[in-house]
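The chain contents come next:
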Protein chains: 2
Amino acid sequence: MTVLSPAPYKGTRDMYPEDLLKRNYIFETWKKTMLESGFSEYDSSIIESSEAFIIKSGQELGGEQLYSFEDKGGRGIALRPELTLSFARLIAQKYESLKFPIRWFSIANCFRYERPQKGRIREFYQLEINIAGCDRGPVDLEILNLSAEIFKAFGAKKEQYKIIFNSRLILEEWVSRNNWQSKKLEIFKILDNWYKKTEDETLTSLREILPEMDSQKILETCKQQGQSWQEYLSIAGENPEIKLILENIQQIQPDVDIQFAATIIRGQAYYTGLIFEAFDTNKENNRSLFGGGRFDNLLDLYGKKISAIGLAPGDVPWQEFLDSWNLWPAKLQSKTKVGIMVSSQNQLSEVFTKIIPELKKQGKIFDIDYSFERSENKRYETLKKRGADEILKV
Amino acid sequence: MTVLSPAPYKGTRDMYPEDLLKRNYIFETWKKTMLESGFSEYDSSIIESSEAFIIKSGQELGGEQLYSFEDKGGRGIALRPELTLSFARLIAQKYESLKFPIRWFSIANCFRYERPQKGRIREFYQLEINIAGCDRGPVDLEILNLSAEIFKAFGAKKEQYKIIFNSRLILEEWVSRNNWQSKKLEIFKILDNWYKKTEDETLTSLREILPEMDSQKILETCKQQGQSWQEYLSIAGENPEIKLILENIQQIQPDVDIQFAATIIRGQAYYTGLIFEAFDTNKENNRSLFGGGRFDNLLDLYGKKISAIGLAPGDVPWQEFLDSWNLWPAKLQSKTKVGIMVSSQNQLSEVFTKIIPELKKQGKIFDIDYSFERSENKRYETLKKRGADEILKV
């Protein structure tokens, strides 16, 4: 008979009970935070039309990274590489009957065909959060507030993370006032890499694509210093939704490091207003944890119009964030586990009709040992090794 | 621009918040029951090697019904059609270090390429429950007890369901004593269909394959009457694990209809002892809800040996069971929802720093309306339609 390898499929994770306790802690804390923040949970299938991703996401997500197949009926299907498309599809499907604004979240898995490496695996989970059918303004502020609440729910402290926001509208206006339109994409790319590069590297990149004076202006803006940063700030002050955030965010979240900066861009082309990104500040894990923004073109694919804003933290970077600051609770499984040592078959009825219901009433969980023929000492040791806090001989 | 259809992939379900509340109620009740019954939760990827299913499950699950593909690296992969293989793989992988017996459960989705129809869709969830590395006997009794507990957790009453058990060992012995070996598979098939056919239909099928006297004997056993049923019972009485169940089950679960009968077979070839099946007794939904049994060949695929027992209720039949007896709780979302009507931007800071934290403290959830320009009456109506129990003007 063929003997198979028990290894999981490359880039996927087997979650043994001790691993799952950790992931469940993240998911349950996310879920609690979202419900307390007035959001409703939804879900959808992992299979979507592959065409939708190819149209929506272009070469990267819709191309090499997409798990796309033909089903036995010849339909082009894909394992979703992200959750926003499914959200858009659900909204489009009940566009006429839903009571907007919709405040929804989902926690679900996605697949991307990538070379597995630290922080990047082929199957990962995201917390997809969206508000659709909302005016610009207060909701933008609320989403930034929510981003901070997600950190706080895990007990993260001010110095452990930061949230940086910006707006595509301000970026566009700034580029336009300086007549940099022809080099816009190159400039955006440099800003986007600000946190990954040294100042010298950024300056070198800038000099390559722009005359020296302009490079200096952009660098000033990146560093939030000098005349050029003042110009950027003044454009922001003219924008009502960013003005609203600047005026309120410190008061709402005084104990969170939330900054406004030109250096947040967000790769995707579809953002149309507020954009933001959250970072771990630990030098050992200095990385982006999640990002989000406003995209008022969410339903274009389905021939409908709606405004939307969203963010999507992933389980893999989130676990690394909790690791980096050791934010895990002391005990992930907090219930007392009673090891029941059953002395003979004659006790079974008592165990199931009296002992176990009583433990349940006391909020305890149990393990049970039926190996009547073994010595009590050995049975005791086994139950202890399997994690029993107390032993009960019946 | 291409406009796409927002319909979900055929045979999959979009879970809008009101749908997901129902499914979450099932999953949370399952999970609570399992944790209280001393089981630990695990999880694994939806992608498994397609080869494993082809070898394990043969033509049906490994063939036409399997969602199998090649990934971009040429590996044969499949979306799992059931969860037992993944459980076996995880056990095999840590065979040397796990502390047996393992008492584990998982709630996860599976795919089968079927023509969608009532109770059968292409994507469904299962509660996979297994104990591995356990002697026959008390654990068999425990699994039947657990099956009853799953029903009771939803408030199901004695007359709404029944659980029927049998043993492959007794079936084999009975066939052997009557010298029916050459027609064993046909007899098993007829017994397996007992609950789906009338007595006349069963008798006709029996007469086709057996001389009249034998048919009568089998019918007597099906009906749990007469000499032949006594013979079946006496074989059962000689089998220690079935004897243990017969002697204890009424005392352990006096308010559950648990019967021993020859008419439970379970299709899969791999069962090696106890087999059982649970049925809805509602005439409108007279169907099998789940089944299970002992399979002591679980790790054969991975070249290892272990005994195991398990069952796997599915979310689709379970939802239909709850529908058939209206066992849903009166309110799936029990928290009070407060609709916050914000009167102007100036109130935002108060809303986020005082109002919302206070609601959270009170265990209430909220909805929020920022449409400052609309009339109070209209805003009130909107919040009510969106499900607010109370309105709070700020």
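Thresholds applied
Residues numbered from 1 in each chain as written. Chains lettered and ligands numbered in written order. Predicted model: local features only at pLDDT ≥ 70, side-chain atom pairs only at ≥ 80, totals over all residues. Helix = DSSP H or I, 4+ residues; strand = E, 2+ residues; numbered from the N terminus. Buried ≥ 20, exposed ≤ 12 C-beta atoms within 10 Å, placed from the backbone. Contact = placed C-beta atoms within 7 Å. Nonpolar A, V, L, I, M, F, W, Y, C, P; charged D, E, K, R; others polar. Pairing = 2+ DSSP bridges. Axes fitted to C-alpha atoms, helices over the stretch in contact; angles between N-to-C directions.

Peer 1: Is there a simple way to think about the overall build of chain A in this case?
Peer 2: Of the regular secondary structure elements, chain A holds 13 helices and 14 strands. By principal-axis analysis of the C-alpha atoms, chain A measures approximately 90 × 55 × 45 Å. Classification of the 394 residues of chain A by burial places 43% in the buried group. Restricting to contacts in chain A with at least 6 residues of sequence separation, those with at least 24 account for 70%.

Peer 1: Any chance you could explain the interface of chain A and chain B here in plain terms?
Peer 2: Where interface size is quoted, it is often the accessible area lost as the parts come together. Tallying the contact residues gives 70 residues for chain A and 71 residues for chain B. Counting residues per element, the side of chain A that touches chain B draws most heavily on helix H12 (residues 348–361) of chain A, at five residues. Grouping the constituent residues of the side of chain A that touches chain B by class yields 36 nonpolar, 16 polar and 18 charged.

Peer 1: I keep staring at the sheet that holds strand E13 (residues 365–369) of chain B and nothing clicks. Help me out?
Peer 2: Sheets are built from strands paired through backbone hydrogen bonds, the pairs being either parallel or antiparallel. All names here are of chain B. Strand order in the open sheet formed by three strands is E13-E12-E14, with parallel pairing between adjacent strands. Each edge of the open sheet carries a strand with a single partner, namely E13 and strand E14 (390–393). Between one strand and the next, the sheet's axes are offset by a mean angle of 25°, whatever the strand orientation. With four bridges connecting them, strand E12 (residues 337–341) and E14 associate as parallel partners. Residue Ile340 lies in a different strand from E14, and its bridge partner there is Leu392.

Peer 1: I keep staring at the environment of B:Leu246 and nothing clicks. Help me out?
Peer 2: Residues and elements named next belong to chain B. Within the fold, Leu246 resides in helix H10 (residues 240–252). Taking the C-beta count within 10 Å as the criterion, Leu246 has 16 such neighbours and is therefore assigned partly exposed. Separated by 14 residues in the primary sequence, Leu246 and Phe260 have C-alpha atoms spaced 7.8 Å apart. Once you skip the residues sitting within four places of it in the chain, Leu246 turns out to touch Ala236 and Phe260.

Peer 1: Help me understand the pairing of strand E7 (residues 161–167) of chain A, please; the structure alone is not making it clear to me.
Peer 2: One face of the sheet, then the other: side chains in a regular strand alternate in exactly this way. Residue and element names in this part refer to chain A. Of all the seven residues making up E7, six are buried; the element is thus mostly covered by neighbouring parts of the structure. By the bridge criterion, seven bridges tie E7 to strand E9 (residues 274–280) in an arrangement that is antiparallel. From the neighbouring strand, Phe165 faces E9, where its bridge partner is Phe276. The pairing of E7 with strand E8 (residues 258–260) spans three bridges and is classified as parallel. Bridge pairing links Ile163 to Ile258 in E8.

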